[in-house]
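Here are the chains, one letter per residue:
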Amino acid sequence: MSLLQTENLNKHFGGLHVTADVNFTLTPGEVHCLIGPNGAGKSTFFRLLLGEHKPSSGRILFDGEDITHLKPFQRIRKGMSVKFQVPGIFKALTAAHNLEIALQDHTAPGALQEEIDRLLAFLRLEDSRGMEAGNLSHGQKQWLEIGMAIALKPRLLLLDEPTAGMSPDETFATGEIVRALQADGVTVLAVEHDMAFVRQVADQVTVLHFGRIFAQGSIDAIVADERVAAIYLGEVHA
Amino acid sequence: MTTPRRTSTGSFRRLLGRLEGPQTMGRGKGFWAGFVVVLIAACGYPLTTDGYTVGNTVYFFNWVFMALGLSLIWGYGGALSFGQTAFFGLAGYAYGILTINFGDAYGFTILATLIAVAVAAAFSAMLGYFLFFGRISGVFLGIVTLSVTLVFERFMAQTAGPEWKVGAARLNGFNGMSGMPPLTIPWPGGDLVLYPDIQLYYITLALLVIVYLGLRILVNSRFGNVLVAIRENPERAEMLGYDVRKYQLGAFVIGAALAGLSGVLYTTWGQYITPSSMGITAAALPIIWVAVGGRSDLTATVIGTLVVLAVFQALTIYGSQYALVVMGAFLVVTVLIAPEGVIMLIARRIGRLLGRGGKA
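Conventions adopted
- Residues numbered from 1 in each chain as written.
- Chains lettered and ligands numbered in written order.
- Predicted model: local features only at pLDDT ≥ 70, side-chain atom pairs only at ≥ 80, totals over all residues.
- Heavy atoms only, no water.
- Helix = DSSP H or I, 4+ residues; strand = E, 2+ residues; numbered from the N terminus.
- Polar contact = N/O pair within 3.5 Å; in protein donor to acceptor, adjacent residues only side chain to side chain.
- Contact = heavy atoms within 4.5 Å.
- Phe/Tyr/Trp six-rings, centres within 6.5 Å; stacked < 30°, edge-to-face > 60°.
- Lys NZ or Arg CZ within 6 Å of the ring centre and 35° of its normal.
- Buried area = accessible area lost by both parts, 1.4 Å probe.
- Salt bridge = Lys/Arg side-chain N within 4 Å of Asp/Glu carboxyl O.
- Domains from an automatic or database assignment.
- Nonpolar A, V, L, I, M, F, W, Y, C, P; charged D, E, K, R; others polar.
- Buried < 20%, exposed > 50% of the residue type's maximum accessible area, 1.4 Å probe, protein only.
- Axes fitted to C-alpha atoms, helices over the stretch in contact; angles between N-to-C directions.
- Left-handed = near helix turned anticlockwise from the far one by under 90°.
- Pairing = 2+ DSSP bridges.

## A short note on the side chain of B:Ser124
Residues and elements named next belong to chain B.
At step 1: Summarising the element assignment, Ser124 is placed in helix α5 (residues 108-133).
At step 2: Polar side-chain contacts of Ser124 include one of 2.7 Å to the backbone oxygen of Ala121.
At step 3: If we skip the residues at most four places from it in the chain, Ser124 touches Phe87, Tyr129, Leu249, Phe252, Val253 and Ala256.

## With respect to the packing of aromatic side chains
At step 1: On inspection of all chains with the given rule, the structure shows 26 aromatic pairs over all chains.
At step 2: Grouping aromatic residues by their ring pairs yields a cluster made of B:Tyr59, B:Phe60, B:Trp63, B:Phe88, B:Tyr266, B:Trp269, B:Tyr272 and B:Trp289.
At step 3: Geometry around A:Phe214 places A:Arg227 over its ring, the cationic atom sitting 4.5 Å from the centre.

## A closer look at the interface of chain B and chain A
At step 1: Contact residues are listed per partner, giving 20 residues for chain B and 26 residues for chain A.
At step 2: The junction of chain B with chain A conceals about 2000 Å² of combined surface from both sides, 56% of it contributed by carbon and sulfur atoms.
At step 3: If you sort the residues of chain B by the area they bury against chain A, B:Arg236, B:Met239 and B:Leu240 come out on top, with a joint share of 33%.
At step 4: When the shortest N-O distance is used, the salt bridge between B:Arg222 and A:Asp105 registers 2.5 Å.
At step 5: Taken together, chain B and chain A are joined by 14 residue pairs in polar contact (both at pLDDT 80 or more).
At step 6: For the side of chain B that touches chain A, the elements supplying multiple residues, two or more each, are α8 (222-232) and α9 (234-238) of chain B.
At step 7: For the side of chain B that touches chain A, the element with the most residues is α8(B), which contributes 7 residues.

## Quick word on the domain arrangement of chain B
All names here are of chain B.
At step 1: Parsing chain B into structural domains produces domain 1 (61-277) and domain 2 (279-360).
At step 2: Computed from C-alpha atoms alone, the centre-to-centre distance between domain 1 and domain 2 is 21 Å.
At step 3: With 27 residues of domain 1 at the interface, the matching set in domain 2 holds 19 residues.
At step 4: Contact between domain 1 and domain 2 buries roughly 1900 Å² in total, counting both sides, with carbon and sulfur atoms accounting for 80%.
At step 5: Seen at the junction of domain 1 and domain 2, the total is 0 salt bridges.
At step 6: With 11 residues, the top contributor of residues to the side of domain 1 that touches domain 2 is helix α3 (residues 51-76).
At step 7: For the side of domain 1 that touches domain 2, the per-class residue count stands at 17 nonpolar, 7 polar and 3 charged.

## Focus on unusual backbone geometry
Residue and element names in this part refer to chain B.
At step 1: One non-glycine residue with positive phi stands out, namely Asn172, at about 75 degrees.
At step 2: Positionally, Asn172 belongs in the loop between β2 (169-170) and β3 (177-178).
At step 3: Judged by relative accessible area, which is 26%, Asn172 ranks as partly exposed.
At step 4: You will see that Gln271, though not glycine, has its phi angle at about 55 degrees, which is positive.
At step 5: Checked against the element boundaries, Gln271 lands in the loop between α10 (244-270) and β6 (272-273).

## Describing the packing of α5(B) against α10(B)
At step 1: Contact geometry of α5(B) with α10(B) gives a least axis separation of 8 Å together with a crossing angle of 150 degrees. In terms of crossing hand, the pair formed by α5(B) and α10(B) is right-handed.

## Section: the sheet that holds strand β6 (residues 80-83) of chain A
Residues and elements named next belong to chain A.
At step 1: An order of β6-β7-β8-β3-β9-β10 is seen for the 6 strands of this open sheet, with the pairing classed as mixed. Only two strands of the sheet have a single partner each, and these edge strands are β6 and β10 (212-217). Each adjacent strand pair in this sheet contributes to an overall mean axis angle of 20 degrees, direction not counted.
At step 2: Pairing analysis gives 5 bridges linking strand β9 (residues 204-209) to β10, with the strands arranged antiparallel. Each residue of the ladder has a partner; that of Thr206, found in β10, is Gln216.
At step 3: Here helix α1 (residues 42-50) sits on the sheet and contacts β3 (31-35), β6, β7 (156-160), β8 (187-191) and β9; the angle it forms with β7, its principal contact strand, is near 150 degrees.

This is the structure we're talking about:
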């Protein structure tokens, strides 16, 4: 059974058909990367899954349940969680306080500090515990937000360009974090441009192009697909 | 015999723990020792001065509840509301209508206070529902709440005719409603009638301490955490699974109830309430009190409000007709030099001098 499924999902913005008949399936336990050139409709698809956009037609099923009309916070409570492209953290609050806000409904009050410490260590942020989140480095902000997302103990983690603006070392470390989460049973869907990261983590890759699923398969199959290479060079049209 | 003592020490520690947290300035023995000293000084204050000055201090205290409510809504929740004065006036008029009709016997003024505060809270719940569930935020929230306040003022100002009455209570247009009884507490040997003097001072001070400590517990609780998260980044807060609208509405209603309490206390203090208490000047002043002190901290709000009120009154009394202009200048200078608030700035400086941050 799939964890997440979309059925004939469509989104129009006026005359623009941004998501076109997308039938997408996510298997429990996999790390699935969504790639595609700029304007392929990745972000719109992502926001449809989160409930930030309403689909023009089609359905979204999470663990077999129709969540098409649920609000974002209701989807989160079902077991989804998200990390945005631009770090969505609470800048004026400390790193530990950021995690506390994420954890408070998912951890027993007595175990809260212990769980904050565990997450800070997992995210390599032990030394930044009391630092205002706005003063963390870009990579640390990204990790902190991943920490807030996994604090909810989600079944599905959605990552929107988790390595954007990161150094190669930070990108690799992020890949390690994603791998560790997968080992804990979390299913991950990541929109990503960085092919080194995709190669590091992805079990499956889906290529979007002009809002449609253009290709799907393992990273090796996708890299070997000349049509995929061509769309990145702008030679293939819808 | 040691067990009960240990238990009571434990529960005291737990209570102290709930009063402290990242959302409030001041923690540890030093702060609470200072708090007790200030409280003792406040309790001893009426013995050092005359009845008029004590009554005038009560007048200052009356406004602090509304300021604390605004701190919760705006400073902690990030929603700038000009509606506090609407709830202030609504509760003041509600108290007047109730007590003019039903009198002050059998402690009815206490019940009328509770009903008037509940009326303000209920109205704010209705208004807030449309605002927050309609996803109105930012400057538009300010515009809508200011409009509601001004509509109240205009409406009450045109109720001069004899047809505008509720039972025995004439609304009385621009001149306002007067003649309602002060707070009256049933007491063996004769009711305690709380005119602006020492007894009312202690009652208001006690209320202020209770509300201050209660709000400290609230903002350092799970609810306060979410409220601050919404102020910092509402989208992220929602993506942590919180229904942002409910928390905003909750803060709005609690803040409105506190404004209502201010309205009732003001009405009983002077035994009058006028539409100008809901005018544009009245609506702007709480913003200044809270912003100048430091809107995102309860202690800074209390100190800031009392200081600004005292300065404002001094300016008004000692011949300056420019008091409001000075208040406006206060706000502008604060926004430019200490956007977090002057008291917050001073507290942070002191905290740094002592080798630790004001807030951690």
